[in-house]
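# Working through the structure, step by step
Next come the chains, spelled out residue by residue.
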Amino acid sequence: MAKVTVRAEPYEYEFDPATTALLVIDMQRDFVEPGGFGEMLGNDVSPLRRAIAPTKRVLETARRLGIQVIHTREGHRPDLTDLPPTKKARGKLKTGIGDPGPMGRVLVRGERGHDIVPELAPAPGEPVVDKPGKGSFYATDLELILRERGIRSLLVTGVTTEVCVHTTVREANDRGFECLVLEDCVASYFPEFQEAAIKMIKAQGGIFGWVAGSEALLKALEGVRTTTR
Ligand code: TIU
């Protein structure tokens, strides 16, 4: 399959759609909707909601072209055996991970708040990787899934930019995957962190990866018909 070239920073990003996955990181109600974990941490969720519409456009294009889509969710087993006490204690929250909140038990698998927002709900057959940490590779089978599918490149979307997105991109980069972070499809509760986190990825010749807007990706994919894996 021919390579696709995206106008990106610090320079063009080249990828083969047949060996690429779209990663949608932690677009869960607990982070993106009012009443969830993000809000309990003292944050305003509205900047995160702005990533939904562009991510939906990229997701629809990926599905149409047959690009592998993979979703992740941060959360824990109902018995909390995979929750480090240090993570539970962090923030001295009145309602913390595992406690009942407006959308069920906070960041617990199977609860309403833990699930992905309906706008970006996984389609049948799209792997959903449940992760106990911030990175998508730690204590998950994501790397196995990517290697088995022959994936080499990752189109990265999700929240939050400086936490789970950054941790995942760093983990992926060290494993040899080439990451394009879609600037308008990732979001932070803090505008200054969004700006700095994006700069860090593309600095030093693309030390962790590339950055582009979703429009640049969609433009680059205009001529592509389908992906054969
Ligand atoms: N708090 C925050 O910015 N993020 C997280 O706790 N998890 C993710 O980024 N998914």
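Use the structure listed above.
The structure contained in this document is the topic of the report that follows. (Residues numbered from 1 in each chain as written. Predicted model: local features only at pLDDT ≥ 70, side-chain atom pairs only at ≥ 80, totals over all residues. Heavy atoms only, no water.)

## Examining the pairing of strand S3 (residues 20-25)
Let me state the cut-off plainly: Only protein chains enter the accessibility calculation, which uses a 1.4 Å probe. A residue is then buried if its area is under 20% of the maximum for its type, exposed if over 50%, and partly exposed in between. Secondary structure elements follow DSSP: runs of H or I of four or more residues count as helices, runs of E of two or more count as strands, with numbering from the N terminus. Paired strands are those between which DSSP finds at least two bridges.
In terms of burial, S3 is largely enclosed, as six of its six residues are buried. Residues of S3 alternate between two faces, with Thr20, Leu22 and Val24 on one and Ala21, Leu23 and Ile25 on the opposite face, all of them buried. Judged from the six bridges that link them, S3 and strand S8 (residues 153-159) form a sheet pairing that is parallel. From the neighbouring strand, Ile25 faces S8, where its bridge partner is Gly158. Sheet topology note: the S3/strand S4 (residues 68-74) ladder contains five bridges and is parallel. Its bridge partner lying in S4, Ala21 is registered against Gln68.

## Describing unusual backbone geometry
Note the cis peptide between Glu9 and Pro10, where omega equals 10°. The residue Pro10 is located in the loop between strand S1 (4-6) and strand S2 (13-15) in this model. Omega for the peptide link from Val159 to Thr160 comes to -15°, which places this bond in the cis form. Within the fold, Thr160 resides in the loop between S8 and helix H7 (161-174). If you check the backbone angles, Leu107 has positive phi at about 50° while not being a glycine. Inspection of the secondary structure puts Leu107 in the loop between strand S6 (104-105) and strand S7 (128-131). Despite not being glycine, Ala139 has its phi angle at roughly 60°, a positive value. Along the chain, Ala139 falls in the loop between S7 and helix H6 (142-148).

## A word on the site of the ligand
Our working definition: When at least one non-hydrogen atom of a residue lies within 4 Å of a molecule or strand, that residue is treated as near it. Counted as a polar contact is a pair of N or O atoms within 3.5 Å, where, for protein atoms, one must be capable of donating a hydrogen and the other of accepting one, and residues adjacent in sequence contribute only when both atoms are in side chains. What sets the accessible areas is the Shrake-Rupley method with a 1.4 Å probe; for residues, cover comes only from the shown protein chains.
Neighbouring residues of the ligand: Asp26, Phe31, Leu41, Glu74, Lys134, Val159, Thr160, Val163, Cys164 and Tyr189. A distance of 2.8 Å separates a nitrogen atom of the ligand from a polar atom in the side chain of Asp26. Cys164 is positioned with one of its backbone polar atoms (N or O) 3.2 Å from an oxygen atom of the ligand. Out of a free accessible area of 280 Å², the ligand has 92% covered by protein chains.

## Describing the pattern of salt bridges
Quick reminder of the rule: We count a salt bridge whenever a side-chain nitrogen from Lys or Arg sits within 4 Å of a carboxyl oxygen from Asp or Glu.
The final tally for this structure, using the stated rule, is 15 salt bridges. Between Arg147 and Glu143 there is a salt bridge, with the nearest N and O atoms lying 2.9 Å from each other. With Arg147 and Glu143 both in helix H6, this residue pair falls four residues apart, about one helical turn. The class for Arg147 is partly exposed, based on a relative accessible area of 41%. Exposure remark for Glu143: the relative accessible area of 27% places this residue in the partly exposed category. We note a salt bridge from Lys199 to Glu195, for which the minimum N-O separation is 3.3 Å. Here Lys199 and its partner Glu195 are both found in helix H8 (residues 191-206), four residues apart, which amounts to about one turn of the helix. With a relative accessible area of 48%, Lys199 lands in the partly exposed category.

## A closer look at the packing of aromatic side chains
Any aromatic ring pair is given by two values, namely how distant the centres are and how the planes are angled relative to each other. This is how the line gets drawn: Only Phe, Tyr and Trp rings take part, Trp by its six-membered ring, and two of them pair if their centres are within 6.5 Å. Stacked means planes under 30 degrees apart, edge-to-face means over 60, and tilted covers everything else.
Summed over all chains, the structure comprises six aromatic pairs. Taking the centre distance of 6.3 Å and the plane angle of 75° together, the rings of Phe31 and Phe37 count as edge-to-face. By relative accessible area, which is 7% here, Phe31 ends up buried. The class of Phe37 is buried, set by a relative accessible area of 6%. Three or more aromatic residues joined by ring pairs make a cluster, and in this case those are Tyr11, Tyr13, Phe15 and Trp210.

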